[in-house]
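# Observations on the three-dimensional arrangement
Residue-level listing of the chains:
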Amino acid sequence: MEKNQIVQLEITDLSYEAMGVAHYEGITVFVNNALPGEVVKAKILKVKKKFAFAKITEIITESPDRIKVKLNQWMQTGLAGLAHLKYDKQLEFKQQQVIGLLKKAHLEEIKVLPTLPSPEQTGYRNKAQVPVRNVNGKLEIGFFRRHSHDLVPMEDFFTTDPAIDRTLVAVRDILRKYRVPAYDEVNHQGEVRYLEIRRSKANGQMMVILVCLHKDFKQLPKVAEEISQLANVSGVLLNYNPKKTNVILGKDDYLIWGDAQITDKIGDLEFKISPQSFFQINSLQTPRLYDLAIKQAGLTKDSVVIDAYSGIGTIGLSVAKHVKAVRGVEVVRDAVKDSEANAKLNGIHNAKYVTGKAEVMMPRWASEGLKTDVIFVDPPRKGLTPEFIKAAVATKPRKIAYISCNPATLVRDLGLLAEYGYKTNEIQPVDMFPQTPHVEAVVVLTK
Ligand code: SAH
C-alpha cells in the first residue's frame, strides 16, 4: 500500500474518533467520514506500519444511516465529526464505545444503558472559541482543517447557539472595519488570535473575549465600543496570550467594558461564571446529567458530600439542599471564588469551597475527622490519578459518583476502584455533545 493509491474498502466499524475502519491486506485503514456497512473507493493519504489513513473518492454502497451534511466545512474541520450519521445511530455509537472499552478491560459484566439523548441536537453549545486568521488577505473566523492549522472560513458553527454565531460574525465585521490585524502564527505577529463568546441560556447575556497577542492595540477602544452595542452583549474582555503556543487562552483577562461575568441557570439554581471558569457547555442537558448522579447517590439529610473537581460549584450546590454538608475543592482560584459567590447567590450556607488539589485536600479533611458519605468526581479528560483514588478511598465514602467526559479513562479508573471494593452494575452514557464523537457518562459506585 502506498500514498495516493486508490483502493476499494469495505467499512466494518467506526473508530472512537468517528473514522470509518476497514481492513486491507493486513493493514487497518481509517477513512474520514465513512460509515460502517459502506463500500467506498478511497485515496490513501498516509501509510504507517500497521495502519493507514484515507479519504473517500467515491461511495459505492451508501449506508442507510447516512444523512446529508449541509456544509462540507463541518466535516472537513472535525467541528461535527458525526453529523453525517442519523441521531439515533449517534446515540447507539456512543453506547457501543463504552461497551467496547469495558470488554477490552474484561469488565463486560457492567451493563451499559442506552445513551440519554440531548434536548437539543444542534445549536446547543453555550460557548464558542474560534480562531481568527488571515485567509487570502481577509480577516476570517472559522475552524482549523483536521490535523492542521489551515483556517476554513465559516459563519455557521452548527453546534453553537445561533445567537453566538450571529455575534461572532458581527464581531468579525467590526474587526474588519477597523482593519485590526489577525494573528499570524508563522511570524507570531498581528493582534487577535481567537474570539470567545459565552452565552447564558437563562437570560441571553453574552460575554465577548478577544484573545490577543498584546495587552492593547490602537483600535481597541473603538472596537470594544462597537461590540458593546451588539444585542445582549454584557461584557467585553481582552485575554492576553503573548506566547507561541497552541493553548488558546493566556492566564490574564482584562475587562474592557461591562461585566466580567455572566449568570446562567442549572435547574432552579443561578450560577455566576467567570471568563476562565469551567461550565458545562450544554446548558439544557446538564441538570439531567447531574440528576442521574444525584438520584443514584442515595443522599439523606445527614449525608456529608465532597464535590471534588468542583469548578464553579455546580454539582455541590445542586445537592446542598438535600444533605447536611458539602465540601468542594478546585484548582482554579477564580472558579472557587465563583462557587463561594454562587452559594451566597442561592442562599446556600452548608457548602464550603477551597482552592487546591483534591488529592491533597481530601486526606487533610479526613485527618481533621470529616466523615464522608458520597464523593462526586467530575475530572478532566485524563481522568483520576492513582493519588486521587488512594485519597478518595481513604476517606471511606459509601458511594462514589463519577461523571466522565472520556470513557477510556473512566473504564481504566473503574478497574482501579474495583480493587478497593467500589463496584457498579451499570453505566449511563449521556449525550452532551450531539454531532460529535464525544461521550459523557455517569456511574455511581458502591462500596
Ligand atoms: N464539577 C464542575 C467542573 C468539572 S470540570 C462542573 O460540572 O461544572 C473539571 C474541573 O476540575 C475543572 O474546573 C478543573 O479546573 C478542575 N481540576 C483539575 N484537576 C484538579 C485537581 N487535581 N483537583 C481539583 N480540581 C481539579
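An unreviewed UniProt entry lists the protein under the name TrmA family RNA methyltransferase, with Lactobacillus corticis as the source organism.

### A few points about the overall build of the protein
Broken down by element type, the protein carries 10 helices and 23 strands. Taken over C-alpha atoms, the radius of gyration comes to 23 Å for the protein, in line with the 22 Å a tight globule of 447 residues would show. When the backbone C-alpha atoms are referred to their principal axes, the protein occupies close to 65 × 60 × 35 Å. The buried share of the protein, reckoned over its 447 residues, is 53%. Long-range pairs, those at least 24 residues apart, make up 64% of the contacts in the protein between residues at least 6 apart in sequence. Carbon and sulfur atoms make up 51% of the accessible area of the protein, which totals about 20600 Å².

### What to know about the environment of Pro36
Considering the arrangement of structural elements, one finds Pro36 in the loop between β4 (27-32) and β5 (39-47). Residue classification places Pro36 among the partly exposed positions, given a relative accessible area of 33%. On a C-alpha basis, the gap between Pro36 and Ala22 in space is 8.8 Å, while along the polypeptide they are 14 residues apart. When residues no more than four places from it in sequence are discounted, the contact partners of Pro36 are Ile11, Thr12, Asp13, Leu14 and Ser63.

### Looking at the pairing of strand β21 (residues 399-404)
Counting buried residues along β21, six of its six residues qualify, which places the element largely inside the surrounding structure. Side chains of β21 alternate between two faces, with Lys399, Ala401 and Ile403 and Ile400, Tyr402 and Ser404 buried alike. Where the polypeptide runs from strand β20 (residues 374-377) across helix α9 (residues 386-394) and back to β21, its parallel neighbour, the crossover connection is right-handed. One ladder, built from six bridges, connects β21 with strand β23 (residues 440-446); its direction is antiparallel. Each bridged residue has a counterpart across the sheet, and for Lys399 the counterpart in β23 is Thr446.

### A closer look at the site of the ligand
Around the ligand lies a shell of 18 residues, among which Tyr290, Tyr309, Glu330, Ala358 and Asp378 are the nearest. Tyr309 places a main-chain nitrogen or oxygen 3.0 Å from a nitrogen atom of the ligand. A distance of 3.5 Å separates a nitrogen atom of the ligand from a polar atom in the backbone of Val331. A total of 580 Å² of accessible area belongs to the ligand in isolation, and the protein chains cover 89% of it.

### Some remarks on the UniProt feature "active site" (unreviewed entry) in the protein
With numbering aligned to this structure, UniProt lists the feature "active site" (unreviewed entry) at Cys405. Looking at where Cys405 falls in the secondary structure, it is placed in the loop between β21 and α10 (407-419). The contact partners of Cys405, leaving out residues within four places of it in the chain, are Pro379, Pro380, Arg381, Val439 and Glu440.

### Quick word on the environment of Val374
Along the polypeptide, Val374 turns up in strand β20. In the structure, Val374 is positioned 170 residues away from Gly204 in sequence and 35 Å away in space, judged by C-alpha atoms. Aside from chain neighbours lying at most four places away, what touches Val374 is Ala297, Leu299, Val304, Val305, Ile306, Pro397, Arg398 and Lys399.

### What to know about the sheet that holds strand β1 (residues 6-10)
In any sheet, the strands associate via hydrogen bonds between backbone groups, in a parallel or an antiparallel arrangement. Read across the open sheet, the six strands follow the order β1-β5-β6-β4-β3-β2; overall the sheet is mixed. Here the strands that pair on one side only, and so sit at the sheet edges, are β1 and β2 (13-14). Bridge count between β2 and strand β3 (residues 20-24): two bridges; the pairing is antiparallel. Looking at β3, one finds that Asp13 is bridged to Val21.

Definitions and cut-offs
One numbering rule holds for all chains: residues counted from 1, following each sequence as written. Per-residue local features are limited, in this predicted model, to residues with pLDDT of at least 70; the limit for side-chain atom pairs, both in listing and counting, is 80 or more; totals at the level of whole chains, interfaces and linings are taken over all residues. Processing note: side-chain calculations cover all non-hydrogen atoms of the structure and skip hydrogens and water entirely. Secondary structure elements follow DSSP: runs of H or I no shorter than four residues count as helices, runs of E no shorter than two count as strands, and numbering proceeds from the N terminus. The atom set for the radius of gyration is the C-alpha atoms, and the globule formula is 2.2 Å times the number of residues raised to the power 0.38. Type-normalised accessible area, obtained with a 1.4 Å probe on protein chains alone, sets the label of each residue: buried when under 20%, exposed when over 50%, and partly exposed for intermediate values. Contacts are residue-level and defined by heavy atoms, with any inter-residue pair within 4.5 Å sufficient. Method for areas: the Shrake-Rupley scheme with a 1.4 Å probe, in which residue coverage is limited to the protein chains shown. Orienting the strands away from the viewer, one traces the path from the first strand over the helix to the second; a clockwise path indicates a right-handed crossover. Here, a strand pair is defined by DSSP locating no fewer than two bridges between the strands. Being near a molecule or strand, for a residue, means having at least one of its heavy atoms within 4 Å of it. Think of a polar contact as two N or O atoms within 3.5 Å of one another; within protein, one of them needs to be a possible hydrogen donor and the other a possible acceptor, and neighboring residues in sequence only count if both atoms come from side chains. UniProt positions are given in the numbering used here, feature names are shortened, and annotations may be inferred rather than shown by experiment.

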